[in-house]
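Architecture and fold: a report
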Amino acid sequence: MTLTRAEREQFLAEPHIAALAVDAGAGRAPLTVPIWYQYAPGGDVWIMTGTTSRKYELIKAAGRFSLLVDRVEPTIRYVSVEGPVVGTEPATRERLREVAARYLPAEKVDGYVEFAWANHGEQLIVHLRPERWVSSDLGSV
């Protein structure tokens, strides 16, 4: 059963690990990688990635990407969102802390932020405007 707009936006707002997919060019399947993201209903999605990563180079070339999030309990549910990149900005420790706090236990956030800031290289935030949605709740099995 297709989700309502409110249901799909709420589901995307939950802290699922997303599968990011972006066009990888002629003769290649899309690059698909797991990624943390941030989203609030009605807004844009943002991700953080390295400024020299293959992922970012492909996103820059394509001008758009998609994210897929899913779960299998208590029902099988997924939401896929695709859209254009509507902006980028330099990453900050505050934004890194925000996204890390979505996924990690509170006692792990500070250590992760310090490690990632020191070791992951220059990062930026990429904003996606949700344009196309595909969603469903398949019920329980």
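The structure this text deals with has already been given above.
This one's a predicted model, so the numbers in the text were calculated from it and none came from an experiment.

**Concerning helix H1 (residues 5-13)**
The set of residues buried in H1 consists of Arg8, Glu9, Phe11, Leu12 and Ala13. Those residues of H1 hidden inside the fold are in contact with strand S3 (45-50), strand S4 (64-71), strand S5 (76-90), helix H3 (93-103) and strand S7 (132-139).

**Topic: the side chain of arginine 71**
Its location among the elements puts arginine 71 in strand S4. Setting aside residues up to four positions removed in sequence, arginine 71 forms contacts with Phe11, Ile76, Arg77 and Asp137.

**Focus on the packing of aromatic side chains**
As enumerated under the stated definition, the model contains three aromatic pairs in all. Measuring from centroid to centroid gives 5.3 Å for tryptophan 36 and tyrosine 112, while their planes differ by 50°, and the two rings are tilted. Of this pair, tryptophan 36 sits in the loop between strand S2 (31-35) and S3 while tyrosine 112 sits in helix H4 (residues 106-119); the two residues are 76 residues apart in sequence, bridging distant segments of the chain. The exposure class assigned to tyrosine 112 is partly exposed, which follows from its relative accessible area of 25%. A centroid spacing of 6.3 Å and a plane angle of 65° characterise the contact between tyrosine 39 and tryptophan 133, whose relative ring orientation is edge-to-face. On the criterion of sequence distance, the pair formed by tyrosine 39 in the loop between S2 and S3 and tryptophan 133 in strand S7 is long-range, its members being 94 residues apart. For tyrosine 39, a relative accessible area of 4% puts it in the buried group. Directly above the aromatic system of tyrosine 37 lies the positively charged group of arginine 102, at a separation of 4.7 Å from the ring centroid.

Basis of the calculations
Residues numbered from 1 in each chain as written. Predicted model: local features only at pLDDT ≥ 70, side-chain atom pairs only at ≥ 80, totals over all residues. Heavy atoms only, no water. Buried < 20%, exposed > 50% of the residue type's maximum accessible area, 1.4 Å probe, protein only. Helix = DSSP H or I, 4+ residues; strand = E, 2+ residues; numbered from the N terminus. Contact = heavy atoms within 4.5 Å. Phe/Tyr/Trp six-rings, centres within 6.5 Å; stacked < 30°, edge-to-face > 60°. Lys NZ or Arg CZ within 6 Å of the ring centre and 35° of its normal.

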